Amino acid sequence: MEQGINIREAKAEELDEVENLVKAAYREFQPLLPAAAWERWMDNISETIHSPLGLLLVADNQGKIEGAVKFYPDAAQSHLGQWPAGAASMRLLAVPPAHRGRGYGRLLTQACLKRARELSIPTIFLYTGTFMAAARRLYENLGFQRSPEFDRDPGPIAYRLDLA
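Residues numbered from 1 in each chain as written. Predicted model: local features only at pLDDT ≥ 70, side-chain atom pairs only at ≥ 80, totals over all residues. Heavy atoms only, no water.

Help me out: how do you make sense of the sheet that holds strand β6 (residues 145–146) in this one?
Strands belonging to one sheet form pairs held by backbone hydrogen bonds; the direction of such a pair is parallel or antiparallel. Read across the open sheet, the 7 strands follow the order β1-β2-β3-β4-β5-β7-β6; overall the sheet is mixed. On the outer flanks of this sheet lie β1 (5–9) and β6, each paired with one strand and no other. Summarising the sheet, strand β3 (residues 64–72) and strand β4 (residues 88–94) pair through 4 bridges and their orientation is antiparallel. Residue Phe-71 lies in a different strand from β4, and its bridge partner there is Met-90. Helix-sheet contacts for helix α2 (residues 35–50) involve β2 (55–61), β3 and β4, and the interaxial angle to β4 is about 120°. On top of the sheet, helix α3 (residues 104–118) reaches β1, β2, β3, β4, β5 (123–128) and β7 (157–162); it is set at about 140° to β2, its chief contact. (Pairing = 2+ DSSP bridges. Helix = DSSP H or I, 4+ residues; strand = E, 2+ residues; numbered from the N terminus. Contact = heavy atoms within 4.5 Å. Axes fitted to C-alpha atoms, helices over the stretch in contact; angles between N-to-C directions.)

In structure tokens:
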């Protein structure tokens, strides 16, 4: 893991940069989706990044943004899933391929978990694609468990981590 990484909230003037980073990180999955589904996903990323709901966190490595995640202390604000009341959620964890393996994804996820614990939130949920093997390994290594009762069919699969 590289030294000097600061996990912080994104600044308003960085939103376009973060949007481009997230889209670049997910580009490898484009061949797996129909064109219309891909376009909807890219539009959703734009909306999510620029939405004032939730907290957009970035991994800042000496002034360069290397990854991002959107954290929702109120999971209902994520506009994904029917999460239980009182739960948190996270979306769009993204680290471009050239920067993977350096711990950015883990640090960003841990920052979400830390914020949830500080707010005494008992559970955090997320969705991920079945094809996102590295992300699934990361979540499972951090203690997330599959939560198939929240899966979207067709669509992403659900994970949860009980923090209490």
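Could you clarify how one ought to interpret the packing of helix α1 (residues 15–26) against α2 in this entry?
Any two packed helices are characterised by how steeply their axes cross, that is the angle between the axes, and by the distance between the axes. Two numbers describe how α1 lies on α2: the axes approach to 9 Å, and their chain directions differ by 150°. By the angle between their axes, α1 is roughly antiparallel relative to α2. For the pair α1 and α2, the sense of crossing is right-handed. Between α1 and α2, the residues in contact are Leu-15, Asp-16, Val-18, Glu-19, Val-22, Lys-23 and Tyr-26 and Trp-38, Trp-41, Met-42, Ile-45, Ser-46, Ile-49 and His-50, respectively. Considered class by class, the residues forming the contact of α1 with α2 number 9 nonpolar, 2 polar and 3 charged. (Parallel < 35°, antiparallel > 145°, perpendicular 65-115°, else oblique. Left-handed = near helix turned anticlockwise from the far one by under 90°. Nonpolar A, V, L, I, M, F, W, Y, C, P; charged D, E, K, R; others polar.)

What is the right way to read the nonpolar core from this model?
Across soluble globular proteins, nonpolar side chains show a tendency to be buried alongside one another. Judged by nonpolar contacts, the single largest core of 26 residues is most densely connected at Met-90, Ile-124 and Phe-144. At the level of elements, β2, β3, β4, α3, β5, α4 (133–141) and β7 are the ones that each hand at least two residues to this core. Ala-10, Phe-29, Trp-41 and Leu-92 belong to the second largest nonpolar core, which has 20 residues in total. (Core = buried A, V, L, I, M, F, W, Y, C linked by side-chain atoms within 4.5 Å. Buried < 20%, exposed > 50% of the residue type's maximum accessible area, 1.4 Å probe, protein only.)

Teacher, can you tell me more about α3 here?
Residues separated by three or four positions in an α-helix point in the same direction, a consequence of the helix having 3.6 residues per turn. When the terminal C-alpha atoms of α3 are compared, their 21 Å separation across 15 residues agrees well with the 21 Å that a helix rising 1.5 Å per residue should span. Taken together, the buried positions of α3 are occupied by Tyr-104, Gly-105, Leu-108, Thr-109, Ala-111, Cys-112, Leu-113 and Ala-116. Once α3 ends, the next one or two residues include Ser-120, with phi positive near 55°. (Expected span 1.5 Å × (residues − 1).)

How should I be thinking about the environment of Pro-96 in this particular structure?
Relative to the elements of secondary structure, Pro-96 occurs in the loop between β4 and α3. Each residue touching Pro-96, except ones within four places of it in the same chain, is listed here: Leu-21, Ala-25 and Glu-66.

What should I look at first to understand the environment of Leu-138 in this one?
When you line up the elements, Leu-138 lands in helix α4. Taking C-alpha positions, Leu-138 is 22 Å from Glu-19, a pair spaced 119 residues apart along the chain. When sequence neighbours within four positions are dropped, the list of residues in contact with Leu-138 reads Leu-93, Gly-105, Arg-106 and Thr-109.

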